[in-house]
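The chain contents come next:
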Amino acid sequence: MTDTIDDCIIVGAGPAGLTAAIYLARYHLAIRMFDCGTSRASWIPMSHNHAGFPDGISGPDLLERMRDQAAKYGALREPKRVTELARSGDGIFTVRCDDETYRARSVLLATGVVNRRPEGMADEFHDEALARGLLRYCPVCDGYEVTDKRVAVLGTGDHGTAEAQFLRGYTADLTLISPHGDHDLSDACSAALDEAGIARVAGPCSEFALDHGGIGVATGDGWMRFDSVYPALGSDIRSGLASACGATTSDDGCILVDDHLETDVPGLFAAGDVVVGLDQISHAMGQAGVGATAIRNFLGEQRPLRR
């Protein structure tokens with residue numbers, strides 16, 4: 001265990017974690033940032049709704065710019081995965097990365113979520129389809145790019161229906177495909193899909209294929225070809241560290257925070273997609289700015305910050 005007690009340890013180095021690091025470093029705080037290298041932003045081939053980049057910017061390029069900016073002020077990330085988080089009676093947090101232990105007066109969790117991928121889709125295929133815009137995960141981010149194109153939503157139930165309805169604002173050529181056999185739809189979902197003119201096809205979706213301009217999907221009705229496919233299969237929220245530390249989470253696993261992004265564990269903050277809210281880079285960055293400033297004020301109440 002290191003003898004050093006950091007002012008803040010940031011877990012996660014996506015847009016939320018990096019924004020918080022920039023703020024906290026510029027507050028002259030001693031911080032440490034751990035990055036396991038799985039930010040969902042790294043999947044984005046090109047974002048066109050991030051303000052300030054009218055021609056778009058890729059997720060990897062945005063993260064690189066943010067890392068460089070954080071490093072300029074001394075906030076360097078360490079490529080480590082946090083495996084345990086605990087808070088002692090004196091208010092100091094213990095953060096473990098396998099066999100290494102660190103301590104901090106506050107912690108910001110920016111651990112994000114992980115989208116569930118279509119079953120049986122190889123990593124190489126997935127990455128190529130994603131890079132070409134044939135596979136997409138965020139209709140809020142890139143629904144504009146599929147305007148008037150042939151689109152499939154891979155899902156069923158309330159979640160699949162809601163995603164298909166959202167995309168109906170961009171295109172009328174929509175098909176909802178069940179990932180596993182027949183659809184599981186309530187009468188209300190069926191009525192909503194009928195009213196919107198959204199077709200339904202049974203699964204299973206066991207095979208996919210790429211060609212020069214589209215993606216093929218093997219369905220219960222045979223092979224179908226689309227310009228883009230949106231998996232609406234849910235996501236896994238990475239809030240386990242918060243729960244282990246005693247923080248409250250929502251029914252679906254999001255970390256619950258107050259208006260200053262603090263959990264119900266004093267000194268433990270969270271920002272980004274792991275918190276209830278709109279899963280957008282701009283939202284994550286705004287939350288991180290609020291959370292970082294709250295951390296600065298939280299620490300300032302304990303002792304003078306500038307020596």
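The structure we're discussing is the one just above.
Residues numbered from 1 in each chain as written. Predicted model: local features only at pLDDT ≥ 70, side-chain atom pairs only at ≥ 80, totals over all residues. Heavy atoms only, no water.

Engineer: How should I be thinking about the overall build of the protein in this particular structure?
Structural biologist: If you tally the helices and strands in the protein, you get eight helices and 18 strands. On C-alpha atoms alone, the protein measures out to a radius of gyration of 21 Å, which is about the 19 Å that the 2.2 N^0.38 rule sets for 307 residues. Partitioning the intrachain contacts of the protein with sequence separation of at least 6 by distance along the chain shows that 59% fall at a separation of at least 24. Total accessible area on the protein is roughly 14,500 Å²; 48% of this is exposed by carbon and sulfur atoms. The centroid of the 27 positive side-chain charges in the protein is displaced by 9 Å from the centroid of its 44 negative side-chain charges. (Helix = DSSP H or I, 4+ residues; strand = E, 2+ residues; numbered from the N terminus. Rg over C-alpha atoms; globule rule 2.2 N^0.38 Å. Contact = heavy atoms within 4.5 Å. Areas by Shrake-Rupley, 256 points an atom, 1.4 Å probe, with all protein chains shown as cover. Lys, Arg positive; Asp, Glu negative; His and termini not counted. Charge placed at Lys NZ, Arg CZ, Asp CG, Glu CD.)

Engineer: Even after reading the chapter, I still don't get helix α1 (residues 15-26), so can you show me in this structure?
Structural biologist: Residue pairs spaced three or four apart in an α-helix point in one direction, given the helix's 3.6 residues per turn. The first and last C-alpha atoms of α1 sit 17 Å apart over twelve residues, in line with the 16 Å expected at 1.5 Å per residue. Burial analysis of α1 places ten of its twelve residues in the buried class, the great majority of the element. Considered for burial, the residues of α1 that qualify are Pro15, Ala16, Gly17, Leu18, Thr19, Ala20, Ala21, Ile22, Leu24 and Ala25. In this structure, the buried residues of α1 make contact with β2 (8-11), β3 (31-34), α2 (59-72), β8 (107-109) and α8 (281-300). (Expected span 1.5 Å × (residues − 1). Buried < 20%, exposed > 50% of the residue type's maximum accessible area, 1.4 Å probe, protein only.)

Engineer: Would you mind going over the layout of surface pockets with me for this structure?
Structural biologist: Unfilled space is identified by rolling a water-sized probe across the atoms. Approximately 150 Å³ is the volume attributed to the second largest pocket. What lines the second largest pocket is simply Arg116, Arg117, Pro118, Glu119, Leu154, Pro179, His180, Pro204, Cys205, Ser206 and Leu233. Partitioning the lining of the second largest pocket into residue classes produces six nonpolar, two polar and three charged. (1 Å grid on protein atoms, 1.4 Å probe; cavity = no way out; pocket = protein on both sides within 12 Å on 5 of 7 lines; lining within 4 Å. Points joined across faces, edges and corners; volume = space filled by probe spheres on them. Nonpolar A, V, L, I, M, F, W, Y, C, P; charged D, E, K, R; others polar.)

Engineer: Would you take a moment to explain the state of the cysteines for this structure?
Structural biologist: Each disulfide consists of a covalent bond between the sulfur atoms of two cysteine residues. Within the structure shown, the criterion is met by one disulfide. Covalently, Cys138 is tied to Cys141 through a disulfide, its sulfur atoms 2.4 Å apart. With the S-S dihedral at roughly 70°, the linkage between Cys138 and Cys141 falls on the right-handed side. Here Cys138 falls in the buried class, since its relative accessible area comes to 19%. Residue class for Cys141 comes out partly exposed when judged on its relative accessible area of 28%. Counting only cysteine sulfurs, Cys245 is the nearest neighbor of Cys8, a cysteine outside any disulfide, at a range of 13 Å. Residue Cys8 is classed as buried on the basis of its relative accessible area of 0%. Here Cys205 is not disulfide-linked; the sulfur of Cys189 is the nearest cysteine sulfur, at 18 Å. (Disulfide = S-S within 2.5 Å.)

Engineer: Mind showing me how you'd approach helix α6 (residues 187-196) here?
Structural biologist: Where α6 is concerned, the buried positions are Cys189, Ser190, Ala192 and Leu193. In a view along the axis of α6, the buried residues occupy a sector of 165°, so they form one face of it. Turned more than 90 degrees away from the buried face of α6, the exposed residues are Asp187, Ala188, Asp194 and Glu195. Where α6 is buried, its residues contact α5 (157-167), β11 (174-177) and β12 (199-201). Of the residues trailing α6, Gly197 is marked for its positive phi of about 75°. (Arc of directions from axis to C-beta.)

Engineer: When you look at the packing of aromatic side chains in this model, what are you seeing that I'm missing?
Structural biologist: Inspection of every chain in the model, using the stated rule, returns six aromatic pairs. On the numbers, 5.0 Å between centres and 55° between planes, the contact of Phe34 with Tyr102 is tilted. On the criterion of sequence distance, the pair formed by Phe34 in strand β3 and Tyr102 in strand β7 (residues 100-104) is long-range, its members being 68 residues apart. Neither residue differs from the other here; Phe34 and Tyr102 are each classed as buried. (Phe/Tyr/Trp six-rings, centres within 6.5 Å; stacked < 30°, edge-to-face > 60°.)

Engineer: Help me understand the sheet that holds β8, please; the structure alone is not making it clear to me.
Structural biologist: Sheet strands line up and pair through hydrogen bonds in the backbone, either parallel or antiparallel. In space, the five strands of this open sheet follow the order β4-β3-β2-β8-β18, with parallel pairing throughout. Every other strand in the sheet has two partners, leaving β4 (77-78) and β18 (268-270) as the edge strands with one partner each. The pairing of β3 with β4 spans two bridges and is classified as parallel. What sits directly across from Phe34, in β4, is Glu78. Of the strands in this sheet, β2, β8 and β18 are in contact with α8, which crosses β18 at around 165°. (Pairing = 2+ DSSP bridges. Axes fitted to C-alpha atoms, helices over the stretch in contact; angles between N-to-C directions.)

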